[in-house]
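# Coordinate inspection notes
Read off the chains here:
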Amino acid sequence: MRKVISLFSLLILGIVVGACGGSKNKSSKANFENELELVKAPLFNADSAYHYVNTQVLFGPRVPNTEGHKLCGVYLENKLKEFGATVTTQEVDLIAFDGTVLEAKNIIGAYQPEKKKRVVLFAHWDTRPWSDNDADEKNYNTPVLGANDGASGVGVLLEIARLIQKEQPNLGVDIVFFDAEDYGAPQFYKGPHEEEYWGLGSQYWSRNPHITDYNARFGILLDMVGDKDAQFYYEGYSNEFAKSINKKVWKKAHELGFQHYFIKELGGYITDDHLFVNKIARIPTIDIIHNNIHHTGFAESWHTVNDTMDNIDKNTLQAVGQTVLEVIFNEK
Ligand code: AHN
Ligand code: ZN
């Protein structure tokens, strides 16, 4: 048995014991023994993922057509190369709801590109130009820092990239960073516009994949996966297009002890990058997104000036990262 497994189990034990307090020690130990059998993937390092989230945030807002955006794009490309991926970029002008031309860049890293059996992982790397959900109207025109909304998903995927360069699963993995997800019309905009101005980068990729006739067994989108109070419900479109993938992922999360994050109940329907991947590219794709219709909706910091590192919790990154890795490493 690999060393990684015992390390991982110790870590889980730590989390479970820490979360439940001493009184539940006994059942935690039972979990611990189960996990020894279960874990096939390498250990996800949440410190490392947190560092990748923070590095993106240090570029400032990653709004298309700004310097921070450009520099962060280069960083992400270089990082995937450093982690041994075959990197492709799609640089394309996309038209926003108000006619603004966005100089967008989708960034794709492929592992074992020769393999036909593949899985694809997505996150958006751009950030929103407006804090239009902020409690204070004065902040509406301040760009979002996007620690959670953008950087968290990308940070988790960079850590997954770092790990799979060392030990590859049975199937090829593609990591796709979408641009121009978050340029949908602001809540204060009164001009004519339609809903489909979200996910411009994913719409482009879905119509023009980086490889002709690209296909994958399934896809997983990570969106807002870093908040300390994150809860992930089955997202509506994911359930319609890829119910079995939702089930597979939530089951794995529960086996690993992450049931407090992954709730086996239906949440809302969210227009997000996965919708276009499902509808246009026709790859069954789920969205792991912080969203709870019974509670506050998205994270409190969503589209506000408070979407900063202060709300990022390594335990959430760990839960999502380890679950996704484990799903991939269990594919035959
Ligand atoms: C809508 O609010 C329609 N979609 C949310 C997609 C999104 C924005 N994800 C992150 N930021
Ligand atoms: Zn957003």
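Please refer to the structure higher up on the page.
Everything numeric here is computed off the predicted structure, so don't read it as measured data.

### Remarks on the coordination of the zinc ion (ligand 2)
Those donors, Asp149 (OD), Asp182 (OD), Asp182 (OD) and His303 (NE2), are the protein atoms that reach the zinc ion (ligand 2), and they lie 1.9 to 2.5 Å from it. All donor residues of the zinc ion (ligand 2) come from one chain, and their arrangement in sequence is D-x32-D-x120-H. Here aspartate 182 is found in the loop between β4 (172-178) and α6 (200-207), whereas its partner histidine 303 is found in the loop between β8 (285-289) and α9 (314-329), with 121 residues between them in sequence. A relative accessible area of 1% places histidine 303 in the buried class.

### Side note on the site of ligand 1
Surveying the vicinity of ligand 1 reveals the residues His124, Asp149, Glu181, Asp182, Trp198, Asp223, Met224, Ile270, Thr271, Trp302 and His303. With respect to ligand 1, the side chain of aspartate 223 contributes an N or O atom lying 2.8 Å from a nitrogen atom. Side-chain polar atom of histidine 303 to a nitrogen atom of ligand 1: 3.4 Å apart, as the coordinates give it. About the coverage of ligand 1: the protein hides 89% of its 320 Å² of free accessible area. Among the residues forming the shell around ligand 1, the class breakdown is four nonpolar, three polar and four charged.

### Observations concerning the pairing of strand β2 (residues 101-111)
Within β2, nine of the eleven residues are buried, which leaves the element mostly enclosed by the surrounding structure. Pairing analysis gives ten bridges linking strand β1 (residues 86-95) to β2, with the strands arranged antiparallel. When the sheet's bridge partners are listed, isoleucine 95 is paired in β2 with valine 101. As consecutive antiparallel partners, β1 and β2 are separated by five residues, and within that stretch glycine 99 has a phi angle of approximately 90°, a positive value. In this sheet, β4 lies alongside β2 in antiparallel orientation, the contact comprising five bridges. Note that in β4 the partner of tyrosine 111 across the bridge is valine 173.

Calculation notes
- Residues numbered from 1 in each chain as written.
- Chains lettered and ligands numbered in written order.
- Predicted model: local features only at pLDDT ≥ 70, side-chain atom pairs only at ≥ 80, totals over all residues.
- Heavy atoms only, no water.
- Donors = N, O, S within 2.8 Å, 3.2 Å for Na, K, Ca; no water.
- Helix = DSSP H or I, 4+ residues; strand = E, 2+ residues; numbered from the N terminus.
- Buried < 20%, exposed > 50% of the residue type's maximum accessible area, 1.4 Å probe, protein only.
- Near = heavy atom within 4 Å.
- Polar contact = N/O pair within 3.5 Å; in protein donor to acceptor, adjacent residues only side chain to side chain.
- Areas by Shrake-Rupley, 256 points an atom, 1.4 Å probe, with all protein chains shown as cover.
- Nonpolar A, V, L, I, M, F, W, Y, C, P; charged D, E, K, R; others polar.
- Pairing = 2+ DSSP bridges.

The values reported here are purely geometric and, on their own, carry no functional implication.
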